[in-house]
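# A closer look at the structure
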Amino acid sequence: MKINPKNGVDKLLFGMKQNHVEAIYGKPTKQFVDDDGNSIYLYYNEKLRLTFYEDEAFRLGYIITSNTEATLLDKKVIGKNVADLKSELPFTSWEQEDFDSTENHFNESNWLILQSEFGIIIRVEIGAIIKDNDEFDWKFKG
């Protein structure tokens with residue numbers, strides 16, 4: 001499962017609608033609406049959490065995965081030491097935020113979060129990029 005910075009994950013591209021995602025993965029294992037009115041799809045087997053933004057006509061705008069097969073620039077991510085992975089990536093700017101036993105390592109230029117616990121990456125979050133004109137850079141053109 002390839003994480004494609006600025007584009008999406010695996011066959012998923014930012015900007016897809018729910019029917020496009022269902023054509024690839026089928027119906028989600030679980031579906032709900034969050035406090036902001038966004039539609040959330042959970043795929044247990046793929047270990048994916050997908051957010052379709054309500055104020056963007058329910059386009060796919062955010063992906064979270066804890067899939068052990070996830071790769072970022074051909075490097076395995078889940079279960080890897082966060083400091084080691086960050087040193088192997090070409091991204092130089094990281095902000096870190098601590099939450100009890102977990103930390104978020106955020107790279108804004110790729111809208112990428114590596115979440116670690118006890119120094120080991122437990123999940124990856126990736127979001128659609130917002131262009132200079134405050135509009136999303138949707139990759140899916142269908």
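Above this note sits the structure.
What comes next is a walk through the structure. (Residues numbered from 1 in each chain as written. Predicted model: local features only at pLDDT ≥ 70, side-chain atom pairs only at ≥ 80, totals over all residues. Heavy atoms only, no water.)

## With respect to the pairing of strand β6 (residues 48-53)
Counting buried positions over the 6 residues of β6 gives 5, a clear majority of the element. In the sheet, strand β5 (residues 39-43) pairs with β6 via 5 bridges, with the strands oriented antiparallel. Bridging from a neighbouring strand, Y41 pairs with L50 of β6. Adjacent in sequence and paired antiparallel, β5 and β6 are bridged by 4 residues, among which K47 carries a positive phi angle near 55°. One ladder, built from 6 bridges, connects β6 with strand β7 (residues 59-65); its direction is antiparallel. Looking at β7, one finds that L50 is bridged to I63. Hairpin connection from β6 to β7: 5 residues lie between these consecutive antiparallel strands, with A57 at a positive phi of about 60°. (Buried < 20%, exposed > 50% of the residue type's maximum accessible area, 1.4 Å probe, protein only. Helix = DSSP H or I, 4+ residues; strand = E, 2+ residues; numbered from the N terminus. Pairing = 2+ DSSP bridges.)

## Structural notes on the pattern of salt bridges
The full count for this structure, using the stated rule, is 5 salt bridges. Note that E22 and K27 form a salt bridge whose closest N and O atoms lie 3.0 Å from each other. By relative accessible area, K27 is classed as exposed at 65%. Residues E88 and K80 are paired through a salt bridge, measuring 3.1 Å at the closest nitrogen-oxygen approach. According to the relative accessible area criterion, E88 is partly exposed, its value standing at 37%. Residue class for K80 comes out partly exposed when judged on its relative accessible area of 24%. (Salt bridge = Lys/Arg side-chain N within 4 Å of Asp/Glu carboxyl O.)

## What about the sheet that holds strand β10 (residues 95-99)?
The strand order β4-β5-β6-β7-β13-β12-β11-β10 describes an open sheet built from 8 strands, whose pairing is antiparallel. Each edge of the open sheet is held by one strand with a lone partner, namely β4 (30-33) and β10. Each adjacent strand pair in this sheet contributes to an overall mean axis angle of 20°, direction not counted. Together, β5, β6 and β7 form the strand contacts of helix α1 (residues 18-25), whose direction differs from that of β5 by roughly 5°. (Axes fitted to C-alpha atoms, helices over the stretch in contact; angles between N-to-C directions. Contact = heavy atoms within 4.5 Å.)

## Focus on the side chain of Q115
The topology assignment puts Q115 in strand β12 (residues 112-117). At a separation of 3.1 Å, a polar atom in the side chain of Q115 contacts the side chain of N104. Aside from chain neighbours lying at most four places away, what touches Q115 is T102, E103, N104, I120, I121, I122 and R123. (Polar contact = N/O pair within 3.5 Å; in protein donor to acceptor, adjacent residues only side chain to side chain.)

## Things to note about the nonpolar core
Counting residues in hydrophobic clusters, the biggest one holds 37 residues, and the most contacted among them are L12, V21, L50, L60 and I63. For this core, the secondary-structure elements that each account for two or more residues are α1, β5, β6, β7, α2 (82-88), β12 and β13 (120-127). For L12, the contacting residues outside a window of four places in its chain are N7, V21, I24, Y25, L48, L50, L60 and I63. (Core = buried A, V, L, I, M, F, W, Y, C linked by side-chain atoms within 4.5 Å.)

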